[in-house]
Amino acid sequence: MIVPFVDLKTQYQNIKPEIDLAIQEVLDSAAFIMGPKVKEFEEGFARLHEAAYCIGTSSGTDSLHLALWAAGIQPGDKVIVPVNTFIATAEAVSLCGAEPVFIDCDDYYNLDVSKLRQKLSAMSAKERTRLRGIIPVHLYGQPADMDEIMALAKEYNLLLVEDCAQAHCARFNGQPVGTLGLVGCFSFYPGKNLGAYGEAGAVITNDRRLYEAMRLIHDHGAPVRYQHDVVGHNYRMEGIQGAVLAVKLNYISAWTRMRQENANLYSQWLQDVTEVTVPRIKSGRTHSFHLYVIRVKERDALMKYLADHGISTGLHYPVPLHLQKAYAHLGYQRGDFPVAEKMAKEILSLPMYPELTEEQIRFVVDQIKNFFASRR
Ligand SMILES: *Cc1c(COP(=O)(O)O)cnc(C)c1O
């Protein structure tokens, strides 16, 4: 049996007539940039996440940069970022001329609030004046510890920007992610839970002033064509992406439930494999399971064994950001973030998508069991 890591082809086949029609409408109307399909999507996505405003953008990375830029992050500022995330979270800070300040993760792979608190209280008053924001990442689809993070952001007067790139439809105490902080940033990279057919992203907010600032910047600072009130950028969403995403919005809630069911099956069937640590969900969270990540000591050997048996897996992420060459100039050392460094060696992302069948999950679990049996 072959089990791919993601299966975008099956999903397309399941909704092909609707997608093809929506794309055809964009071609017929020639509304290639923004236009009615993007507007329809923005309204639907805002409703889905119970936000007042949504702007479709050109990617998740651009969404993060747009949010920080519009919120006023400037050169010399510092912004807190978890050290175990995709580099885009930190890049958005760097693109503003600001500097990411890394924090280690906890057992749930999210920003460790006790280490955040330690870092904040260890900062000098001078350092603290440059600290302007914090970007919790709802990694793998599990909301970060937003109650504590919101309280600390308030106490230290930090802009709270949520990286929701992996957490569409995830909830914290019943509230959709992206609306807990000032602004939520989403990616619709094809492999994300809600995937476009190219690059796309979105920002959501309940703050009217920030919304208006982001609207301007994302389209060359122009409230109307050729009137440029501020220097902006081109972070607009394409019409075809809006059309695809508007169709998929009708399915995302069902797809999220299917991911959760698949995760339950994995966890249930892996329960008696003592070598495997399955993901745990903190109370009050709805996990959207963008990724189903297990932890094992013999990770590389298991990964190879699964690949040899037709199962593709992934690493999210193999190298924490402080050990990346791109951030060598920040001067962090190996050993600075022991939890993230240890996790990076043990994590393994198993195949996860709504269309994954019970037989496929059973096969993956059986192969994992075979691997450990062969080692005993
Ligand atoms: C995918 C991702 C991004 C970037 O989104 P793109 O659309 O690929 O630019 C940012 N942060 C996290 C956590 C992501 O997983």
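Residues numbered from 1 in each chain as written. Predicted model: local features only at pLDDT ≥ 70, side-chain atom pairs only at ≥ 80, totals over all residues. Heavy atoms only, no water.

A. Looking closely at the side chain of His218. Structurally, His218 is set in helix H8 (residues 208–218). Residue class for His218 comes out buried when judged on its relative accessible area of 2%. Looking at His218, its side chain comes within polar contact range of the main-chain oxygen of Arg215, at 2.9 Å. (Helix = DSSP H or I, 4+ residues; strand = E, 2+ residues; numbered from the N terminus. Buried < 20%, exposed > 50% of the residue type's maximum accessible area, 1.4 Å probe, protein only. Polar contact = N/O pair within 3.5 Å; in protein donor to acceptor, adjacent residues only side chain to side chain.)

B. Representation of the environment of Val26 in the model. In this structure, Val26 sits in helix H1 (residues 8–29). Setting aside residues up to four positions removed in sequence, Val26 forms contacts with Ala31, Phe32, Lys37, Gly239, Ile240 and Ala243. (Contact = heavy atoms within 4.5 Å.)

C. Broad picture of the nonpolar core. One finds Phe41, Phe45, Ile80, Leu116, Ile134 and Phe188 to be the most contacted residues of the largest nonpolar core, which totals 51 residues. Aside from chain neighbours lying at most four places away, what touches Ile134 is Val79, Ile80, Leu111, Leu116, Ile149, Ala153, Leu158, Leu159, Leu160 and Val161. The next biggest cluster of nonpolar side chains, apart from the first, holds 44 residues, and it includes Ala92, Cys96, Tyr109 and Leu210. (Core = buried A, V, L, I, M, F, W, Y, C linked by side-chain atoms within 4.5 Å.)

D. Structural detail: the packing of helix H11 (residues 299–308) against helix H13 (residues 358–375). Remark: H11 packs on H13, axes separated minimally by 10 Å, with the N-to-C direction vectors making an angle of 125°. By the angle between their directions, the pair H11 and H13 is classed as oblique. Once H11 is placed against H13, the crossing between them reads as right-handed. Here H11 contributes Ala301, Leu302, Tyr305 and Leu306 to the contact with H13, which in turn contributes Val364, Gln367, Ile368, Asn370, Phe371 and Arg375. Per-class residue counts for the contact of H11 with H13 are seven nonpolar, two polar and one charged. (Axes fitted to C-alpha atoms, helices over the stretch in contact; angles between N-to-C directions. Parallel < 35°, antiparallel > 145°, perpendicular 65-115°, else oblique. Left-handed = near helix turned anticlockwise from the far one by under 90°. Nonpolar A, V, L, I, M, F, W, Y, C, P; charged D, E, K, R; others polar.)

E. Focus on the site of the ligand. Close contacts around the ligand come from 15 residues, with Gly60, Thr61, Asp163, Ser187 and Lys192 the closest. Take Thr61: an N or O atom from its side chain is 2.5 Å from an oxygen atom of the ligand. Interatomic distance of 2.9 Å between a side-chain N/O atom of Gln166 and an oxygen atom of the ligand. Here the ligand, which alone exposes 380 Å², has 93% of that area covered by the protein. Mapping the ligand onto the cavity grids shows that it belongs to the largest pocket. (Near = heavy atom within 4 Å. Areas by Shrake-Rupley, 256 points an atom, 1.4 Å probe, with all protein chains shown as cover. 1 Å grid on protein atoms, 1.4 Å probe; cavity = no way out; pocket = protein on both sides within 12 Å on 5 of 7 lines; lining within 4 Å. Sits in = over half its atoms within 2 Å of the grid points.)

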